[in-house]
Amino acid sequence: MIILYLLLGTLIAIVGAAPLGAVNLAVINTSIKENLKNTSYIVLAAGIGEVLLAFFALHCSMELSDFFQENQWIQIMFIILFFSIGIYFLFLKSNTNTKSSQRKIKLSNSKFLTGFSLAILNPPVIIYWVIAISLINKYIFELTTQNTLSSLFLFFSGIYLGKTGTLYMYGRWGNNMAQKQEDSNTKLSRIIGIALIVISVFQSIKFLAE
């Protein structure tokens, strides 16, 4: 029975990680422009960030749910940010001179920090885990910080495996794309732009429907 915690954590993490998001796009971008080794640092760090968000949501799911309901400007800012970045990648970045892409603006040399930051600074993911944990408590079994350490360990291990496994598949896909497509950078910029715009539109519809 206790293995159910591992399987449930893995499944929920896969469902949450499958849609294109900031971390997924960073993984694809790195796997195309660099290599899978550098991509793995982002993947491993993003898994840690996901576990922390899930634990945070588990610890104060009710408070977080009320907070996001009372402060809807956070979701609006997230929608605007993703839409703006999407427009940039779709219409501006793809038209820039190739020489400008050779200039390296290094905000950080740490791929690990990049993956962790993108994972942890993601309000929709917190909302996702608040909803997921609420549904688990309502329809499957009670899941709180009062559960046994072994069950919680398996649950969060499943989350880590599900998140990193899904991101790794995205990395493999990006790496294969780089090997087959010579003009992969332009294509990648368009994919990222379209994905971010779609995400922002989807979040807008979801926000208005609430």
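This report concerns the structure included in the present document. (Residues numbered from 1 in each chain as written. Predicted model: local features only at pLDDT ≥ 70, side-chain atom pairs only at ≥ 80, totals over all residues. Heavy atoms only, no water.)

**Regarding the packing of aromatic side chains**
Pairs of aromatic rings are described using the distance from one ring centre to the other and the angle between the two planes.
And then number 1: Scanning the model with the defined rule gives four aromatic pairs in all.
And then number 2: Note on Tyr-5 and Phe-141: the rings are 4.6 Å apart at their centroids and 40° apart in plane angle, and the pair reads as tilted. With Tyr-5 in helix 1 (residues 3–17) and Phe-141 in the loop between helix 7 (123–139) and helix 8 (149–180), this pair connects stretches of sequence that are 136 residues apart.
And then number 3: Given a relative accessible area of 13%, Tyr-5 falls into the buried group.
And then number 4: Of the residues examined, Phe-141 reaches a relative accessible area of 12% and is grouped as buried.
And then number 5: Their ring planes at 70° and their centres at 5.5 Å tell us that Phe-155 and Phe-156 sit as a pair that is edge-to-face. Both residues of the pair, Phe-155 and Phe-156, belong to the buried class. (Phe/Tyr/Trp six-rings, centres within 6.5 Å; stacked < 30°, edge-to-face > 60°. Helix = DSSP H or I, 4+ residues; strand = E, 2+ residues; numbered from the N terminus. Buried < 20%, exposed > 50% of the residue type's maximum accessible area, 1.4 Å probe, protein only.)

**A look at the nonpolar core**
And then number 1: Ranked by size, the top nonpolar core spans 24 residues in total, and within it Trp-129, Ile-136, Leu-143, Phe-155, Phe-156 and Ile-159 carry the most contacts.
And then number 2: Elements with a minimum of two residues in this core: helix 1, helix 3 (36–59), helix 7 and helix 8.
And then number 3: When sequence neighbours within four positions are dropped, the list of residues in contact with Trp-129 reads Ile-12, Ala-13, Glu-50, Ala-54, Ala-57, Phe-155 and Ile-159.
And then number 4: One finds Val-43, Ala-119, Leu-167 and Met-177 within the second-largest nonpolar core, a separate group that totals 11 residues. (Core = buried A, V, L, I, M, F, W, Y, C linked by side-chain atoms within 4.5 Å. Contact = heavy atoms within 4.5 Å.)

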